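Here is what each chain is made of, one letter per residue.
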Amino acid sequence: MGHPGESQLLVTTMSLPSAEEQISFLQQIQRLFSEGEFSATYKFALILALAELAIERGDDSGEALELSMATVAEKFAELYWRQMAPYQGDQAAAAELLHQNQGKRAAITAPLQKIYAACGGQLALAKTHQDWPSCLKNIARTVRDMPMQHLQVLGGVQQPFLYDYPSSPRSIRLKPGVVFNLRRYQGLVQQLAKSGWVTHVRNNRLNHPIIGKHDDLEVFMFGAERSPLREVAKILAPLQGNRCFYCQERISEQAEVDHFIAWSRYPRDLAHNFVLAHRGCNNDKRELLAGLPHLEKWLRRLELHGNEIGEHLSELGFVVDSNASRQVAYWAYEQGLNSQSQSWLAKGITEPLHHRCISLF
Ligand SMILES: [Zn+2]
């Protein structure tokens, strides 16, 4: 697929990647992490950015996807955002910014850190900051000069299996089949990239005095499922008429904020993905996809109250992108159907995921 010299016609009529092509993709991903050289964390961020954008901007047609450098740079900024806070290791050590490479501070750190400080760590606010566009331009340049050039070098040879290289300075074009594979193997790619990133930061001797013995790096760098959601509950309760999103019964103080698409499937706090539910309902649903009636309701809410929810939650600093939330849900249900998942209806009641779920989007 996508070999040089292949005709355009063949590319546009190409079908989905075969089982063999999928395995070869996975082997190359594996090589990338085992043979690639990582002198900075940029390459982990780039692969994570491409994987997330495959979900938020792509589909399962098997076709190529063109991503502007501006889009990639923004995703990059989001991935580094949490790490712009100083890390507090041992009580004895002073809180300090983690080093993202071996030598002097990574080029993207200073401008991003400045905005982080100015916005009190609120990403939604950062996106309206006057220096945000120039910061993204700066990041785009770094991405082009550094990880984009080096990511696909395996065993010392440029092997462009993810995107065309060299390429236009303004975009990254994911090759046919790549978006499909990144969507299908999202969990695997995310885990490899995140654990690689954490290990890189941990092994960087410049970070040793900062980290000390106390080490909750993974949660610090990528967040935990239970980021403080009390404030979210206060906003969602009146919108849901103080009723559980799933069973419609009244809720009390004990209500919990549930990730409609479970965190374990897609670990990102997107504002529209939150619903308020009984602790019992939430615990029973766990990482299952909510069944057809719930999905119908969630999509209707997105349409009718999406703006309102977005406004409130962006004030709390959550990323608001209703289209991305919708795309993530679409992807999750599609993957669920492919793997013949059960869906959750109510306490103790599940059923095979209904194929109509997909036609709702
Ligand atoms: Zn309930």
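The residue numbers shown here count from 1 along each chain, following its written sequence. With pLDDT at 70 or above as the cut-off, local features in this predicted model cover only qualifying residues; side-chain atom pairs require 80 or more to be listed or tallied, and sums for whole chains, interfaces and linings still use all residues. Calculated side-chain values reflect all of the structure's heavy atoms, with hydrogen atoms and water omitted.

Engineer: Could you give an account of the overall build of the protein chain, naming the residues involved and the relevant values?
Structural biologist: Looking only at helices and strands, the protein chain has 17 helices and 9 strands in total. The globule rule puts the C-alpha radius of gyration for 361 residues at 21 Å, and the 21 Å found for the protein chain is close to it. Based on the C-alpha atoms only, the size of the protein chain along its principal axes is roughly 60 × 60 × 40 Å. Counting the 361 residues in the protein chain, one finds 50% classified as buried. Residue contacts are counted whenever heavy atoms from the two residues lie within 4.5 Å of one another. Within the protein chain, residue pairs in contact and separated by at least 24 positions form 74% of the contacts whose partners lie at least 6 positions apart. Areas reported here follow the Shrake-Rupley algorithm with a probe of radius 1.4 Å; residue values treat only the protein chains shown as occluding. Of the roughly 17000 Å² of accessible surface on the protein chain, 51% is carried by carbon and sulfur atoms. Each helix corresponds to a stretch of at least 4 residues labelled H or I by DSSP, and each strand to a stretch of at least 2 residues labelled E; elements are numbered beginning at the N terminus. Atoms counted for the radius of gyration: C-alpha only. Globule rule: 2.2 Å times residue count to the power 0.38. Buried means the residue's accessible area, taken with a 1.4 Å probe over protein chains only, is under 20% of the maximum for its type, while exposed means over 50%, and partly exposed covers the values in between.

Engineer: Explain the coordination of the zinc ion to me, and be specific about the residues and the numbers.
Structural biologist: The rule for donors is simple: an N, O or S atom within 2.8 Å of the metal counts, and for Na, K and Ca the reach is 3.2 Å. Water is not among the atoms, so a site may look short of donors. For the zinc ion, the full set of protein donor atoms is Cys 244 (SG), Cys 247 (SG), His 278 (ND1) and Cys 281 (SG), and the range of their distances to it is 2.2 to 2.4 Å. Read N to C, the donor residues that coordinate the zinc ion are spaced as C-x2-C-x30-H-x2-C. Of this pair, Cys 244 sits in the loop between helix 13 (230-239) and strand 5 (256-259) while Cys 281 sits in helix 14 (residues 279-285), and the two are 37 residues apart along the sequence.

Engineer: Outline the domain arrangement of the protein chain, supporting the account with residue identities and numerical values.
Structural biologist: Interfaces are often sized by the accessible area lost when the parts come together. For each domain, the first and last residues come from an automatic or database assignment. Structurally, the protein chain comprises domain 1 (8-222) and domain 2 (230-359). Here domain 1 and domain 2 have C-alpha centroids that lie 27 Å from each other. The partner domain 2 presents 18 residues to the 17 residues of domain 1 that form the contact. Buried area is understood as the total, over both parts, of accessible area removed when two parts are fitted together, assessed with a 1.4 Å probe. Counting the surface lost from both domain 1 and domain 2, the interface buries some 1400 Å², and carbon and sulfur atoms represent 45% of this. Whenever a carboxyl oxygen of Asp or Glu lies within 4 Å of a side-chain nitrogen of Lys or Arg, that contact is scored as a salt bridge. For the interface between domain 1 and domain 2, the tally reads 3 salt bridges. We note a salt bridge from Arg 268 to Glu 78, for which the minimum N-O separation is 2.5 Å. Between N or O atoms, a polar contact is any pair within 3.5 Å; within protein, one atom must be a potential hydrogen donor and the other a potential acceptor, and residues adjacent in sequence are included only when both atoms are from side chains. Remark: the boundary between domain 1 and domain 2 carries 7 residue pairs in polar contact (both at pLDDT 80 or more). Listed by contribution, the elements that provide at least two residues to the side of domain 1 that touches domain 2 are helix 3 (42-57), helix 4 (69-81), helix 6 (123-126), helix 9 (178-184) and helix 10 (186-203).

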